[in-house]
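Here is how the chains run, residue by residue.
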Amino acid sequence: MAMWKTRLRATLGAGELVARIRATYRGSATDRLLRGSHGSGIVEFALVLPLLLSLLFGMFEFGRLGLSHLTAKHAVAEATRYAVTGRHLTDPDTGEPIARAESIRRVVRSKVGHLAIADSIVIDPEDGGGPEELVTVSVSFTYRFFLPGLEDVLPPVDFTVRTAMKNEPFIP
């Protein structure tokens with residue numbers, strides 16, 4: 001919408017042109033600013049930006065939470081698969097076989113990667129069981145949120161991942 005309504009004609013003189021422009025000008029400067037839409041996009045963006053960032057960071061954080069849980073499930077499943085075979089790891093320094101329960105714990109620790117599971121690996125029965133017995137491996141860990149400020153709003157999440165399988169008929 002044009003702010004000025006002027007029709008320039010070749011027949012108008014300089015004084016008449018100025019008078020005509022003043023007569024056809026509509027509104028004051030305040031009216032023009034209130035009617036205009038300059039800068040409204042920036043204001044709308046500033047209002048929506050915190051919501052978009054919260055959504056983006058929430059997706060990132062809950063994706064990490066799901067990845068951590070999936071990593072723990074994979075580690076426990078791999079350790080249980082290892083446990084049912086009745087095998088032992090060997091000590092790299094001495095070449096001697098490591099106890100079966102400690103071998104299962106080492107398999108879990110090698111598979112969890114970045115998760116801080118500490119000593120929360122539980123094997124039932126404690127020695128890994130004998131042939132044809134049910135063995136259960138479980139891991140507990142606490143997920144702490146990564147983004148600053150989110151840890152104040154949401155408490156840490158505790159997980160326990162457990163897998164049970166029947167041992168194969170191995171020779172003890």
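Before any of the text, the structure's been laid out above.
From a predicted model like this one, the values you see are computed outputs, not experimental measurements.

For the rest of this paragraph, the subject is the overall build of the protein. When helices and strands are counted, the protein shows five helices and three strands. Listing the helices and strands of the protein from first to last along the sequence gives α-α-α-α-β-β-α-β. Relative to its 172 residues, the protein shows a buried fraction of 26%. A separation threshold of at least 6 residues defines the contact pool for the protein, and within that pool the share at least 24 residues apart is 56%.

Between the first and last C-alpha of helix α3 (residues 40-85) there are 68 Å, a value that for 46 residues agrees with the 68 Å anticipated at 1.5 Å per step. Considering bend angle alone, the principal kink of α3 is centred on V48 and spans about 35°; proline P50 follows within four residues of it. Looking one or two residues beyond α3, the residue adopting positive phi is G86, at roughly 80°.

Taken as a whole, this structure holds four aromatic pairs when the rule is applied. Ring centres 6.3 Å apart and planes at 65° place the aromatic pair F60 and F146 in the edge-to-face group. Of this pair, F60 sits in helix α3 while F146 sits in the loop between β2 (134-143) and α5 (150-153); the two residues are 86 residues apart in sequence, bridging distant segments of the chain. A relative accessible area of 41% places F60 in the partly exposed class. A ring pair is formed by F141 and F159, whose centres lie 5.4 Å apart and whose planes are at 25°; its orientation type is stacked. With a gap of 18 residues between them, F141 in strand β2 and F159 in strand β3 (residues 157-166) connect regions that are remote in the sequence. An aromatic cluster is defined as three or more aromatic residues linked by ring pairs; in this entry it consists of F62, Y143 and F145.

Burial along strand β1 (residues 121-124) is one-sided: the face carrying I121 and I123 is buried and the face carrying V122 and D124 is not. When β1 meets β2, the two strands line up antiparallel, connected through four bridges. Within β2, the position partnered with I123 by the bridge is V137.

This brings us to a negative patch on the surface. A surface patch of like charges, here negative, comprises D124, E126, D127 and E133. Considering the arrangement of structural elements, one finds E133 in the loop between β1 and β2.

This next bit is on the sheet that holds β1. If you trace the three strands from one edge of the open sheet to the other, you get β1-β2-β3, paired in antiparallel fashion. Edge positions in the sheet fall to β1 and β3, since each of these pairs with one other strand and no more. Taken over all neighbouring pairs, the strand axes of this sheet differ in orientation by 15° on average, direction set aside. Bridge count for β2 against β3 is 10 bridges, and the pairing is antiparallel. The residue of β3 that forms the bridge with T136 is A164. Here α3 sits on the sheet and contacts β2 and β3; the angle it forms with β3, its principal contact strand, is near 25°.

Criteria and thresholds
- Residues numbered from 1 in each chain as written.
- Predicted model: local features only at pLDDT ≥ 70, side-chain atom pairs only at ≥ 80, totals over all residues.
- Heavy atoms only, no water.
- Helix = DSSP H or I, 4+ residues; strand = E, 2+ residues; numbered from the N terminus.
- Buried < 20%, exposed > 50% of the residue type's maximum accessible area, 1.4 Å probe, protein only.
- Contact = heavy atoms within 4.5 Å.
- Expected span 1.5 Å × (residues − 1).
- Bend = angle between axes of the 7 residues up to and from the residue.
- Phe/Tyr/Trp six-rings, centres within 6.5 Å; stacked < 30°, edge-to-face > 60°.
- Pairing = 2+ DSSP bridges.
- Patch = residues over 30% accessible without salt bridge, like charges linked within 9 Å, V, L, I, M, F, W, Y side chains within 5 Å.
- Areas by Shrake-Rupley, 256 points an atom, 1.4 Å probe, with all protein chains shown as cover.
- Salt bridge = Lys/Arg side-chain N within 4 Å of Asp/Glu carboxyl O.
- Lys, Arg positive; Asp, Glu negative; His and termini not counted.
- Charge placed at Lys NZ, Arg CZ, Asp CG, Glu CD.
- Axes fitted to C-alpha atoms, helices over the stretch in contact; angles between N-to-C directions.

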